[in-house]
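# Fold and contact review
Spelled out, the chains give:
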Amino acid sequence: MLPNLFMRASLTMRSIMNISCADAIGDIIEELQADRSRLMDVALAVQHRFGHISKDSVKAISALLGIHPVEIEDMVSFYAFLDQEPRGRNRIRLSNTPISLMKGAMDVACAFEEVLDLKLGETSSDFEFTLEWTSDIGMADQEPAALINDMILTGLTPSDVPGIIVSLRRLKDKDDLPPFPPKAAHAALIPKAIVHHSLVQSGPLLSGRLDPAAGIKAALNMPPEKVIEEMTASKLRGRGGAGFPTGMKWRLTRKSEGEEHYVLCNADEGEPGTFKDRMLLAEFPDLVFDGMTIAGYALGSRQGIIYLRGEYACLWEPLQAALQIRREQGLLGSNICGDAGFDFDIRIQLGAGAYICGEESALIESLEGKRGAPRDRPPFPTERGYLQEPSAVDNVETYACAARIMERGAAWFASFGTKQSAGTKLMCVSGDCARPGVYEVPFGITLNELLDLCGAPADTAYVQMSGPSGQAVAPKDFGRRIAYEDLSTGGSTMIFGPQRDVLDVALQFAKFFVDESCGWCTPCRVGTTLLKQGMEKIVDGRASLADISATEALANTVARMSRCGLGQTAPNPILTTMRNFPEIYEARLAREKFTSLTALDDALREAIEVQGREPVEV
Ligand SMILES: Cc1cc2nc3c(=O)[nH]c(=O)nc-3n(C[C@H](O)[C@H](O)[C@H](O)COP(=O)(O)O)c2cc1C
Ligand code: SF4
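Residues numbered from 1 in each chain as written. Chains lettered and ligands numbered in written order. Predicted model: local features only at pLDDT ≥ 70, side-chain atom pairs only at ≥ 80, totals over all residues. Heavy atoms only, no water.

### Section: the packing of aromatic side chains
The geometry of an aromatic ring pair is captured by the separation of the ring centres together with the interplanar angle, meaning the angle of the planes. Inspection of the entire model under this criterion finds 12 aromatic pairs. Ring centres 4.9 Å apart and planes at 65° place the aromatic pair Y355 and F512 in the edge-to-face group. Note that Y355 is positioned in the loop between strand 8 (345-350) and helix 14 (360-367) and F512 in helix 18 (residues 502-516), a separation of 157 residues in sequence. Here Y355 falls in the buried class, since its relative accessible area comes to 14%. (Phe/Tyr/Trp six-rings, centres within 6.5 Å; stacked < 30°, edge-to-face > 60°. Helix = DSSP H or I, 4+ residues; strand = E, 2+ residues; numbered from the N terminus. Buried < 20%, exposed > 50% of the residue type's maximum accessible area, 1.4 Å probe, protein only.)

Okay, structure coming up:
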């Protein structure tokens, strides 16, 4: 009898749980008014509600949204912030970039391990804590930093750790965690849960009071085509890295036929060392919203979407509040600024921890609730983007520039910078310097001038420009100009003093690309792992000259054969350090020559003598 009773009881419990799980998911879907394309929001909400996305949750989502369970599991397994198995209620993710490591992240990690009696990568038996490394969280100017649930903690030291854990345990007693949508209120209860202002130097883009309506009104006073002409005349180029002319992108999107046109803002900002978009969204959200609204008018779009990286979930609430104020001011919604027929609104899509989702076609896939795998192109997003409709994907800073251009004029904007690089650039400075942060500088200044501005030491050994996907710049090139025609950059500027190990940093970046490859194509999936192994051998001093040549050849193959920008740029840290610092590679060559057969015979004879035993013939 007993087993039957037990079985019936557990079955009943299971069905109750299933019902409550399905009910809760039903509520989530209803609240979000979600359809298939909002699978990411549903998955994030389920993750926050239950701590993971179980098989039962998958079944419930599948039944309610009409998506095959395999498709849901496929999507969930792709993202670092979505789990299929239970993890700790408090998820402690420590940033392990070269910058955070050189600022003491390892000591902070050891302190967490000690206080929690956990190893990195483990979850406590009571499922209260999971401790793990994560890649860049957009805090390079405030490292060591951590992401705990949705809160960002900065400037951590080992002595902060006990207080943080005590506070997190207290939050549990209040049953306040986990929060979704992210609640900024929790941050006030945790030591060091603070993001400091990052803007150190402003220029024409960020100085002066912004009348939120000025740029929009100026745009509305001209036909949409003229707005695009203004963008072209301003010579604005995309600030996300590639420098594509914005006017041309908007023109291509406008002229593509579709039932809808979409304005997409790329706020994925996953390139290690970059944090300008976080700063803009935190401190100048209206400038970005203005730019998106102007784009909406120019493209004939009714919908803008900001793809906000999961690491910036703490910005969710303030951004939603800022959007609501704009709706109340008539700057979003119907008949914007009294212009009959111009309807436009903006929603925010939170990401879930995948660097590749910064690549525009992967971003669109993710927006549609799928794995963030890049699409084959053509067709380009301007033709067939979000939901197969024409879409302009632009960087946060690009939209901020567009707003100022409409407010102050194309000629005003083009008067700054160089011939091929108009305007100013937001540079994110981190590493070995006195004043890390965001600097607005005119295009054309030299790297040396930027290093002076931020108080970098005179003996700076090298600068990693534009993040791991950029290049390692040696002191002989510090006189180069920051501009698309010379040192092209998305903004990340990591400074390394003479005490840093160039090769070890290149290895860290190689590991980053292994973790972030989406795995779709072999050159990148396998190649990044082989490159990491090659660099490990080099850093350990076990590599011969032939190993270094083989690593270089492989790096060139990965760059040439990979399907998208991630794989094509992943070998850059290795190739540019090999090019600029050959003497460091040479000095790290294996000192011991290959052990000859005679040496092996000698070693064998010695072993026989010591052990007094002859080898057994087999
Ligand atoms: C792996 C990878 C990651 C990227 N990450 C970002 C990003 O975080 N933010 C961004 O604006 N562009 C990123 N890009 C570039 C985008 O694909 C796209 O070019 C950009 O959003 C276009 O905007 P823009 O014209 O305003 O620069 C990335 C590209 C690749 C290949
Ligand atoms: S290059 Fe890398 S990230 Fe891009 S599609 Fe191939 S595997 Fe994915």
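Now that the structure has been shown, the text picks up again.
### Topic: the site of ligand 2
If you check the shell around ligand 2, you find 13 residues, and the closest are C518, W520, C521, C524 and C564. When atoms are counted within 2 Å of each cavity's grid points, the one that captures over half of ligand 2 is the largest cavity. Among the residues forming the shell around ligand 2, the class breakdown is eight nonpolar, four polar and one charged. (Near = heavy atom within 4 Å. 1 Å grid on protein atoms, 1.4 Å probe; cavity = no way out; pocket = protein on both sides within 12 Å on 5 of 7 lines; lining within 4 Å. Sits in = over half its atoms within 2 Å of the grid points. Nonpolar A, V, L, I, M, F, W, Y, C, P; charged D, E, K, R; others polar.)

### Let's talk about empty space enclosed by the protein
All chains considered together, the criterion is met by two cavities of 30 Å³ or more. Of the pockets and cavities examined, the largest cavity occupies roughly 80 Å³. Taken together, 14 residues line the largest cavity, and the ones lying closest to its centre are C518, C521, C524, R563 and C564. When its residues are assigned to classes, the lining of the largest cavity shows eight nonpolar, four polar and two charged. Lining the second largest cavity are P204, L205, C401, W412, F413, F416, G423 and T424. In terms of residue class, the lining of the second largest cavity is made up of six nonpolar, two polar and no charged. (Points joined across faces, edges and corners; volume = space filled by probe spheres on them.)

### Topic: the site of ligand 1
If you check the shell around ligand 1, you find 18 residues, and the closest are G240, K249, N266, N395 and T398. Within the backbone of G240, a nitrogen or oxygen atom sits 2.7 Å from an oxygen atom of ligand 1. D394 places a polar side-chain atom, nitrogen or oxygen, 3.2 Å from an oxygen atom of ligand 1. When ligand 1 is considered free in solution it has 610 Å² of accessible area, and contact with the protein chains removes 87% of it. Judged by the proximity of its atoms to the pocket grid, ligand 1 belongs to the largest pocket. When residues of the shell around ligand 1 are traced back to their parent elements, those giving at least two are strand 9 (391-395) and helix 21 (565-569). Counting residues per element, the shell around ligand 1 draws most heavily on strand 9, at three residues. For the shell around ligand 1, the residue count by class is three nonpolar, eight polar and seven charged. (Polar contact = N/O pair within 3.5 Å; in protein donor to acceptor, adjacent residues only side chain to side chain. Areas by Shrake-Rupley, 256 points an atom, 1.4 Å probe, with all protein chains shown as cover.)

### Considering the sheet that holds strand 4 (residues 151-153)
With respect to topology, four strands assemble into an open sheet ordered 2-1-3-4, the strand pairing being mixed. A strand with exactly one partner marks an edge of an open sheet, and here the two such strands are strand 2 (129-134) and strand 4. Adjacent strand axes in the sheet meet at a mean angle of 20°, parallel and antiparallel pairs treated alike. Bridge count between strand 1 (residues 90-95) and strand 3 (residues 146-148): three bridges; the pairing is antiparallel. Paired with R93 across the strands is L147, a residue of strand 3. Each of strand 1, strand 2 and strand 3 is contacted by helix 6 (residues 105-116), which is oriented at about 165° to strand 2, the strand it contacts most. (Pairing = 2+ DSSP bridges. Axes fitted to C-alpha atoms, helices over the stretch in contact; angles between N-to-C directions. Contact = heavy atoms within 4.5 Å.)

### A word on helix 13 (residues 316-328)
With 13 residues, helix 13 should reach 18 Å at 1.5 Å per residue; the first-to-last C-alpha distance of 19 Å fits that figure. All of the buried residues in helix 13 are W316, L319, A322, L323 and R326. Buried residues of helix 13, seen end-on, are gathered within an arc of 135° and therefore sit on one face of the element. Lining the buried residues of helix 13 we find helix 8 (214-220), helix 11 (276-283), helix 12 (285-299), strand 7 (303-308) and strand 8. Just downstream of helix 13, G330 is the residue with a positive phi angle, here 75°. (Expected span 1.5 Å × (residues − 1). Arc of directions from axis to C-beta.)

### Quick notes on the pairing of strand 11 (residues 437-442)
The side chains of a regular strand alternate between both faces of the sheet. Burial of strand 11 is extensive: five of the six residues sit out of reach of the surface. Taken together, the two bridges between strand 5 (residues 199-201) and strand 11 define a ladder with parallel strand orientation. Bridge assignment links L199 to a residue of strand 11, and that residue is V438. One ladder, built from six bridges, connects strand 10 (residues 424-431) with strand 11; its direction is antiparallel.

### Section: the pattern of salt bridges
Per the counting criterion, the structure on display carries 39 salt bridges. The partner of R327 in a salt bridge is D345, and the shortest N-O contact between them spans 3.0 Å. Separated by 18 residues along the polypeptide, R327 in helix 13 and D345 in strand 8 bring together distant segments of the chain. For D345, a relative accessible area of 23% gives the class partly exposed. (Salt bridge = Lys/Arg side-chain N within 4 Å of Asp/Glu carboxyl O.)

### Considerations on the packing of helix 11 against helix 15 (residues 396-408)
As a packed pair, helix 11 and helix 15 sit with axes 9 Å apart at the nearest point and diverge in direction by 50°. With respect to helix 15, the axis of helix 11 lies oblique. Note on element contacts: helix 15 touches helix 11 through V396, E397 and A400, opposite K276, D277, L280 and L281. Of the residues contributing to the contact of helix 11 with helix 15, the split by class is four nonpolar, no polar and three charged. (Parallel < 35°, antiparallel > 145°, perpendicular 65-115°, else oblique.)

### Quick word on the side chain of S366
With respect to the element layout, S366 can be found in helix 14. Take S366: its relative accessible area is 0%, and that puts it in the buried class. Within polar-contact distance, the side chain of S366 engages the side chain of Y307 at 2.7 Å. For S366, the residues in contact, after removing those within four places along its chain, are M40, Y79, Y307, C357, R371 and G372.

### Topic: the packing of helix 2 (residues 39-50) against helix 3 (residues 55-65)
Here helix 2 crosses helix 3 at 145°, and the two axes come no closer than 12 Å. The handedness of the crossing between helix 2 and helix 3 is right-handed. In this structure, helix 2 contributes L39, V42, V46 and F50 to the contact, and helix 3 contributes S57, I61 and L65. Split by residue class, the contact of helix 2 with helix 3 holds six nonpolar, one polar and no charged. (Left-handed = near helix turned anticlockwise from the far one by under 90°.)

### With respect to helix 2
Its 12 residues give helix 2 an end-to-end C-alpha distance of 16 Å, which sits within 8% of 16 Å, the value for a rise of 1.5 Å per residue. Burial within helix 2 is extensive, with 10 of its 12 residues counted as buried. One or two positions beyond helix 2, positive phi appears at G51, with a value near 85°.

### Regarding the environment of S415
One can find S415 in the loop between helix 16 (410-414) and strand 10. Distance in space between the C-alpha atoms of S415 and C428 is 23 Å, their sequence separation being 13 residues. For S415, the side chain forms a polar contact with the main-chain oxygen of W412, separated by 2.5 Å.

Everything listed is a geometric property; what it means functionally is a separate question.
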